[in-house]
Amino acid sequence: MSKVINLKRGLNIRLKGEADQVIETTVRITRVAVKPTDFFSLSPKIVVKPGQQVKAGDPIFFDKNHPEIQITAPSSGEVLEIIRGERRKVLEIVIQVDGKNESAEFIRNDPQKLSRDEIKDQLIKSGLWAFLKQRPYGIVAKSSDNPRHIFISGFDSAPLAPDYEFILNGQASTFQTGINALAKLTQGDVFVGIRPEQANGFFSAIKNIKINQFSGPHPAGNVGIQIHQLSPISKGDIVWTINPQEVLFIGRLFESGKIDFSKIVALTGSEVSSPKYYKVIHGACIEDLLNKATKKETNERFISGNVLTGKQIEASDFLGFFDHQVTVIPEGDYYEFLGWAMPRLNKFSISRSYFSWLSPNKMYRADSNVNGEERAYVVTGQYEKVLPMDILPVFLMKAIIAEDIDKMEQLGIYEVIEEDLALCEYVCTSKIEVQRILRDGINLMIKELGS
């Protein structure tokens, strides 16, 4: 019988623009890209050049520090360009999709008949290993490690997040194959967290997993929160995480012996005229999705991911490596008369200074305006109200700013990555860039102690 964990702390941000449960399959993706910047602590070595023809699953680049970790092409086609930034930093490798869906050939076999090393070798050669994230730090897992457990969150509680039950519907066999492969990679268990209302849904028929139920507001769907509640991470502990759609990639690999990076993403947000789901290729150019899909009534902000943790991109940019959602909201490029002194009847707030608490079911058209600037960093107790973890986030942030590694360890840096503290940044009166500071702290830990 699954364990039920009730989380009281957190916050659901009620935004307009949730995707209807309709999948659009007619959008033709013309370009895809892989961004080395999506991978923390990875130093890319490019192995392709413009004009080169590639198949899905062919290597594009590998990590100089861990050469066995390689990233492969999402689709067959021609390498259009390698975009570089300052100091020749590689930003994107862009591929023109040829529509042939050709794939490199891999072993087709039942994972239950393969050894751990055979499964690991298959995942590394295909590039699917890069989807396995290590906790602590939220970086690509090391192939030499043996994780204590593997964790998957079967739901996303972030604003306007996609519904995985809907996305995975009809793909139980492929998902099971992926789970069977993952189960061979750990001597522990594969944990899946679900909502109580999912108890009889998609995941109930999946074998080789341990299901736990989580109720409560966001961030209940964050895999880091679920790990903290079930098996907290201490110094020296290693667990791995992966997204449900990425389990499908693994299942397809072993079922067909080929790479199939097709995925379903949710196009959401108040500025989308008809929010819904789209079947695309991994790393797709979002311009193909946005064509005639947005209202264009205001200056718009395009986000790969959700409004709390996603990255701002241009309309001609590409879907992030780990993202399953595109959000379009109004740009907050304006000033308000009298600012905070106005009643703000149409603004959502965690504070009772405004009136959103009187309308608990009202949906809001929020923009990117942060309504102020950075100010003195003080202890207000706001962070603790939205973080269902037994850590002291303000003191952790101050330890990171002071670069006090001993304090960072004691205050729980092994347990969190950016998404876990995103709500702290959202509610912060001091307008502190909590997620950036946390990543700076994680990078310091890796530099000083290794990953």
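Our structure's up above, just so we're on the same page.
Reference entry: report on the structure contained in this document. (Residues numbered from 1 in each chain as written. Predicted model: local features only at pLDDT ≥ 70, side-chain atom pairs only at ≥ 80, totals over all residues. Heavy atoms only, no water.)

### Some thoughts on helix α3 (residues 172-183)
- For α3, which comprises 12 residues, the first-to-last C-alpha distance of 16 Å matches the rise-based estimate of 16 Å (1.5 Å per residue) to within 8%.
- Of all the 12 residues making up α3, 9 are buried; the element is thus mostly covered by neighbouring parts of the structure.
- Burial in α3 covers these residues: Thr174, Phe175, Gln176, Thr177, Gly178, Ile179, Asn180, Ala181 and Leu182.
- Against the buried residues of α3 lie α1 (116-126), β12 (150-153), α2 (164-168), β13 (190-194) and α5 (244-256). (Helix = DSSP H or I, 4+ residues; strand = E, 2+ residues; numbered from the N terminus. Expected span 1.5 Å × (residues − 1). Buried < 20%, exposed > 50% of the residue type's maximum accessible area, 1.4 Å probe, protein only. Contact = heavy atoms within 4.5 Å.)

### Points about the sheet that holds strand β7 (residues 70-72)
- Read from one edge of the open sheet, 3 strands run β4-β6-β7, paired in antiparallel fashion. The sheet terminates laterally at β4 (44-46) and β7, the two strands that pair on one side only. For this sheet, the mean angle separating the axes of adjacent strands, direction not counted, is 25°.
- Pairing of strand β6 (residues 59-63) with β7, which is carried by 3 bridges, proceeds in the antiparallel orientation. The residue bridging Pro59 from the neighbouring strand is Thr72, located in β7. (Pairing = 2+ DSSP bridges. Axes fitted to C-alpha atoms, helices over the stretch in contact; angles between N-to-C directions.)

### Examining the layout of surface pockets
- Its volume calculated, the second largest pocket comes out at about 520 Å³.
- Those elements that place two or more of their residues in the lining of the second largest pocket are α2 and β16 (262-268).
- Its residues assigned to classes, the lining of the second largest pocket comprises 13 nonpolar, 6 polar and 7 charged. (1 Å grid on protein atoms, 1.4 Å probe; cavity = no way out; pocket = protein on both sides within 12 Å on 5 of 7 lines; lining within 4 Å. Points joined across faces, edges and corners; volume = space filled by probe spheres on them. Nonpolar A, V, L, I, M, F, W, Y, C, P; charged D, E, K, R; others polar.)

### Notes on a nonpolar patch on the surface
- Among the surface-exposed residues, Val379, Leu392 and Phe395 lie close enough to one another that they form a single nonpolar patch of about 280 Å² accessible area.
- Tracing the backbone shows Val379 in the loop between β20 (325-330) and α7 (382-386).
- Overall, Val379 belongs to the exposed group, its relative accessible area being 53%. (Patch = residues over 30% accessible without salt bridge, like charges linked within 9 Å, V, L, I, M, F, W, Y side chains within 5 Å. Areas by Shrake-Rupley, 256 points an atom, 1.4 Å probe, with all protein chains shown as cover. Salt bridge = Lys/Arg side-chain N within 4 Å of Asp/Glu carboxyl O.)

### A look at the nonpolar core
- Membership of the largest hydrophobic core comes to 84 residues, with the highest contact counts inside it found for Trp129 and Leu182.
- With 6 residues, the single largest contributor to this core is α5.
- Not counting residues within four places of it along the chain, the set of residues in contact with Leu182 comprises Leu132, Ile150, Ile152, Val190, Ile242, Val247 and Ile250.
- Membership of the second largest hydrophobic core comes to 53 residues, among which are Phe191, Phe348, Ile417 and Leu421. (Core = buried A, V, L, I, M, F, W, Y, C linked by side-chain atoms within 4.5 Å.)

### With respect to the packing of aromatic side chains
- Using the criterion set out here, one finds 18 aromatic pairs in the structure.
- With a centroid separation of 6.3 Å and an interplanar angle of 75°, the aromatic rings of Phe39 and Phe61 are classed as edge-to-face. With Phe39 in the loop between β3 (31-34) and β4 and Phe61 in strand β6, this residue pair connects regions lying 22 residues apart in the sequence. We note that Phe39, like Phe61, is buried.
- Between Trp129 and Trp240 the ring centres are 5.2 Å apart and the planes differ by 80°, which places this aromatic pair in the edge-to-face class. A residue pair is termed long-range when its members are at least 10 positions apart, and Trp129 in the loop between α1 and β10 (133-135) and Trp240 in strand β15 (residues 239-241) qualify at 111 residues. Side by side, Trp129 and Trp240 carry an identical accessibility label, which is buried.
- Each member of the aromatic cluster is reached from another via a ring pair, and the members are Phe39, Phe61, Phe131, Phe249, Phe261, Phe321 and Phe322.
- A cation over a ring is seen here: Lys398 above Tyr377, with NZ or CZ 5.8 Å from the ring centre. (Phe/Tyr/Trp six-rings, centres within 6.5 Å; stacked < 30°, edge-to-face > 60°. Lys NZ or Arg CZ within 6 Å of the ring centre and 35° of its normal.)

### As for the pattern of salt bridges
- This structure, assessed with the given rule, holds 17 salt bridges.
- Two residues, Glu287 and Arg31, come together in a salt bridge whose shortest N-O distance is 3.6 Å. With Glu287 in helix α6 (residues 287-290) and Arg31 in strand β3, this pair connects stretches of sequence that are 256 residues apart.
- When its relative accessible area of 22% is taken as the criterion, Arg31 is described as partly exposed.
- We note a salt bridge from Asp237 to Arg148, for which the minimum N-O separation is 3.0 Å. With Asp237 in the loop between α4 (223-230) and β15 and Arg148 in the loop between β11 (139-140) and β12, this residue pair connects regions lying 89 residues apart in the sequence.
- The class of Arg148 is partly exposed, set by a relative accessible area of 25%.

### Points about helix α11 (residues 434-449)
- Taking 1.5 Å of rise per residue, 16 residues should cover 22 Å, and α11 covers 22 Å from first to last C-alpha, within 8% of that figure.
- Those residues of α11 that fall on the buried side of the exposure criterion are Val434, Gln435, Ile437, Leu438, Arg439, Gly441, Ile442, Leu444, Met445 and Ile446.
- Looking at the buried side of α11, the elements it contacts are β11, α7, α8 (393-401), α9 (405-410) and α10 (422-427).

### Topic: the packing of α3 against α5
- Packing of α3 against α5 leaves a shortest axis separation of 7 Å and a crossing angle of 90°. Taken as axis vectors, α3 and α5 run roughly perpendicular relative to one another. Contacts from Ser173, Thr174, Phe175, Thr177, Gly178, Ile179, Ala181 and Leu182 of α3 reach α5 at Pro244, Val247, Leu248, Ile250, Gly251, Arg252, Phe254 and Glu255.
- The residue makeup of the contact of α3 with α5, split by class, is 9 nonpolar, 5 polar and 2 charged. (Parallel < 35°, antiparallel > 145°, perpendicular 65-115°, else oblique.)

### Points about the pairing of strand β9 (residues 90-97)
- Across the 8 residues that make up β9, a large majority, 6, are buried.
- The pairing of β3 with β9 spans 4 bridges and is classified as antiparallel. Within β9, the residue paired with Val32 across the bridge is Ile95.
- Bridge count for strand β8 (residues 77-84) against β9 is 7 bridges, and the pairing is antiparallel. What sits directly across from Glu81, in β9, is Val94.
- Taken together, β8 and the strand that follows it, β9, pair antiparallel across an intervening segment of 5 residues, in which Arg87 is found at a positive phi of about 55°.

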